[in-house]
Amino acid sequence: MHAQLLTAARRPLVAAELPAPHPGPEQLLIAVRACAVCRTDLHVVDGDLGDPKLPLIPGHEIIGTVVEKGEATERFAIGDRVGVPWLGWTCGICEYCRGGQENLCDRARFTGYQIDGGYAELTVADERYCFAIDPHYGDVEAAPLMCAGLIGYRTLRMAGDARLVGIYGFGAAAHIVAQVARHQGRRFFAFTRPGDVAAQDFARALGAEWAGDSTTASPEPLDVALIFAPVGALVPAALAATRKGGTVVCGGIHMSDIPSFPYRILWEERAVRSVANLTRRDAEEFLALAPDVGVRTETVAYPLAEANRALDDLRRGALQGAAVLVP
Ligand SMILES: [Zn+2]
Ligand SMILES: [Zn+2]
């Protein structure tokens, strides 16, 4: 099978011809139809996240068709369409797994990081972490739901009943979260890289009441700020924009260092928290909600062989929506 392979951090992916993987007892062999490119893939390729499996097939927003089943599988049939997310395996016995926080499992393994992912024609995945995909979505369109959607949704859930949401970084996750937030009757403002008029227009088209540079003051105090851009300096900026008792939620897996800031912008019961990974419950909830809400995804499709170009476009901030690789 063709695959795009990371052989060492900070090097371009290389095209490789590999033998087809064999499914273990609880795994499915999946013919990949689409795999979205997540900012986390960039963090792995760029070496921001340490110790990936090497060589590695990246990619954790996979849509594909079951072509072979391990002997202990029971949830899916040959020919079924499934989605494979970032959470690839959990131990089931640690205190986090037992306490409903499998996203924090001590021994969790992640797709496209410790487990080979979807930048390939075929992949294997533990069926317990695979999900059925609503037939209303095409393969390319569905792929960004698997991480931008799922982890974006978990991030939005941390907003509680906040009415006015500030979204910092308007990429793949934000454009999905914005649609869910609007459906829930919330208002939202979008804060982008200074001068990124295209992203600001994109946000307004998705219902942003206001969109502007992240360096400008918010027109109104925010109830909650969701940060999707990997820029630590946005944490104090968002705190300064947030009302008393409000929360700043960091939705990414990696951020540049957060600069020091005066205690007065945290005081008055403001909180800063992060979101890590996803649980299977997040996935089930969000994948049921998305077709009801009518969540649409904006995608730019690339041939699998052009994975490096897709990563570059994401790195440059040149995308409105999500890049998706198609084998
Ligand atoms: Zn565990
Ligand atoms: Zn991701």
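Residue positions are given per chain, counted from 1 along the sequence in the order it is written. Chains carry letters from A onward and ligands carry numbers from 1 onward, assigned in written order. This being a predicted model, a pLDDT of at least 70 is required before a residue's local features are given, and a value of 80 or more before pairs of side-chain atoms are given or counted; all residues contribute to the totals for chains, interfaces and linings. Heavy atoms throughout the structure, all of them, feed into the side-chain values; hydrogens and water do not.

I'm lost on the nonpolar core in this one. Help?
Nonpolar side chains tend toward joint burial in soluble globular proteins. Put simply, buried Ala, Val, Leu, Ile, Met, Phe, Trp, Tyr and Cys residues joined by side-chain atoms within 4.5 Å make one nonpolar core. Each residue is assigned to one of three classes by its accessible area relative to the maximum for its type, calculated with a 1.4 Å probe on protein chains only: buried under 20%, partly exposed between the two thresholds, exposed over 50%. Core analysis: the largest hydrophobic core is formed by 97 residues, its most contacted members being Tyr 119, Ile 167, Phe 170 and Phe 286. The secondary structure listing takes helices from DSSP runs of H or I that are at least 4 residues long and strands from runs of E that are at least 2 residues long, numbered from the N terminus. The biggest single contributor to this core is strand β3 (residues 27-37), with eight residues. Apart from residues lying up to four places away in sequence, Phe 170 is in contact with His 175, Ala 178, Phe 188, Ala 190, Thr 192, Ala 199, Phe 202, Ala 203 and Leu 206. Counting residues in each nonpolar core, the second largest holds 17 residues, with Leu 164, Phe 189, Val 235 and Leu 239 among its members. Throughout, a contact is declared for two residues whenever any of their heavy atoms are within 4.5 Å.

Honestly, the coordination of the zinc ion (ligand 2) in this entry has me stumped. Any pointers?
Note that water is not among the atoms considered, so a metal site may appear incomplete; the donors listed are N, O and S atoms within 2.8 Å of the metal, with 3.2 Å applied to Na, K and Ca. Distances from the zinc ion (ligand 2) to its protein donors, namely Cys 38 (SG), His 60 (NE2) and Cys 147 (SG), fall within the range 2.0 to 2.2 Å. In terms of primary sequence, the donors binding the zinc ion (ligand 2) are separated according to C-x21-H-x86-C. With His 60 in the loop between α1 (39-45) and β4 (62-69) and Cys 147 in the loop between α3 (139-142) and α4 (148-157), this residue pair connects regions lying 87 residues apart in the sequence. Classification of Cys 147 as buried rests on a relative accessible area of 6%.

Would you mind showing me how to read the layout of surface pockets here?
Regions of empty space are outlined by a rolling probe, equal in size to a water molecule, passed over the atoms. In the cavity and pocket records, a cavity denotes points on a 1 Å grid over the protein atoms alone where a 1.4 Å probe fits but cannot get out, a pocket denotes an open set with protein on both sides within 12 Å along at least 5 of 7 lines, and lining residues are residues with an atom within 4 Å of a point. Grid points are joined across faces, edges and corners, and a volume is the space filled by probe spheres set on the points. One number sums up the size of the largest pocket: a volume of about 880 Å³. In this structure, the largest pocket is lined by 46 residues; those nearest its centre are Arg 39, Gly 171, Phe 228, Ala 229 and Pro 230. Of all elements in the fold, only α1, α4, α5 (172-183), β11 (187-192), α9 (307-315) and β17 (322-326) reach the threshold of two or more residues within the lining of the largest pocket. Any residue outside Ala, Val, Leu, Ile, Met, Phe, Trp, Tyr, Cys, Pro, Asp, Glu, Lys and Arg is labelled polar, Gly included; the first ten of those are nonpolar and the last four are charged. Per-class residue counts for the lining of the largest pocket are 27 nonpolar, 14 polar and five charged. Of the volumes computed, that of the second largest pocket is approximately 200 Å³. Considering the residues around the second largest pocket, the lining is formed by 13 residues, among which Gln 27, Gly 88, Trp 89, Ile 115 and Asp 126 are closest to the centre. Of all the secondary-structure elements, those providing two or more residues to the lining of the second largest pocket are β6 (87-89) and β8 (122-126). Looking at the lining of the second largest pocket residue by residue, the class counts come to seven nonpolar, three polar and three charged.

Mind showing me how you'd approach the environment of Ala 15 here?
Here Ala 15 shows up in strand β2 (residues 14-17). Taking the C-alpha atoms as reference points, Ala 15 and His 2, separated by 13 residues in sequence, lie 7.1 Å from one another.

I keep staring at the coordination of the zinc ion (ligand 1) and nothing clicks. Help me out?
Where a metal carries four tetrahedral donors, each ideal angle is 109.5 degrees; where it carries six octahedral donors, the ideal angles are 90 or 180 degrees. Around the zinc ion (ligand 1), the protein contributes the donor atoms Cys 91 (SG), Cys 94 (SG), Cys 97 (SG) and Cys 105 (SG), which lie 2.3 to 2.4 Å from the metal centre. If you look at the zinc ion (ligand 1), its four donor atoms make angles of 103 to 117 degrees with each other, and the shape they trace is tetrahedral. Expressed as a motif, the donor residue spacing for the zinc ion (ligand 1) is C-x2-C-x2-C-x7-C. Pair check on accessibility: Cys 94 and Cys 97 agree, each one buried. In this scheme the shape depends on donor count and angles: four donors with every angle between 85 and 135 degrees give tetrahedral, four or six donors with opposite pairs above 155 degrees and others between 65 and 115 give square planar or octahedral in turn, and any other case is irregular.

For this particular structure, what's the right way to read the pairing of β17?
Regular strands have side chains that alternate between both faces of the sheet. For β17, the buried fraction is high: four of the five residues fall into the buried class. Pairing analysis gives three bridges linking β3 to β17, with the strands arranged antiparallel. Within the sheet, the bridge partner assigned to Cys 35 lies in β17 and is Leu 325. Note that strand β16 (residues 299-303) and β17 share five bridges and pair parallel. Here, a strand pair is defined by DSSP locating no fewer than two bridges between the strands.

Help me understand unusual backbone geometry in this model?
If a residue is not glycine, its phi is most likely negative; likewise, a peptide bond is most likely trans. Here Leu 54 and Pro 55 are connected by a cis peptide whose omega angle stands at -10 degrees. Mapped onto the fold, Pro 55 is located in the loop between α1 and β4. Positive phi outside glycine occurs at Arg 10, with the angle close to 65 degrees. Of note, Arg 10 is situated in the loop between β1 (2-5) and β2. Unusually for a residue other than glycine, Glu 268 sits at a positive phi of about 70 degrees. Looking at the secondary structure, you find Glu 268 in the loop between β14 (242-250) and β15 (271-274). A relative accessible area of 29% places Glu 268 in the partly exposed class.

These figures capture arrangement, not role.
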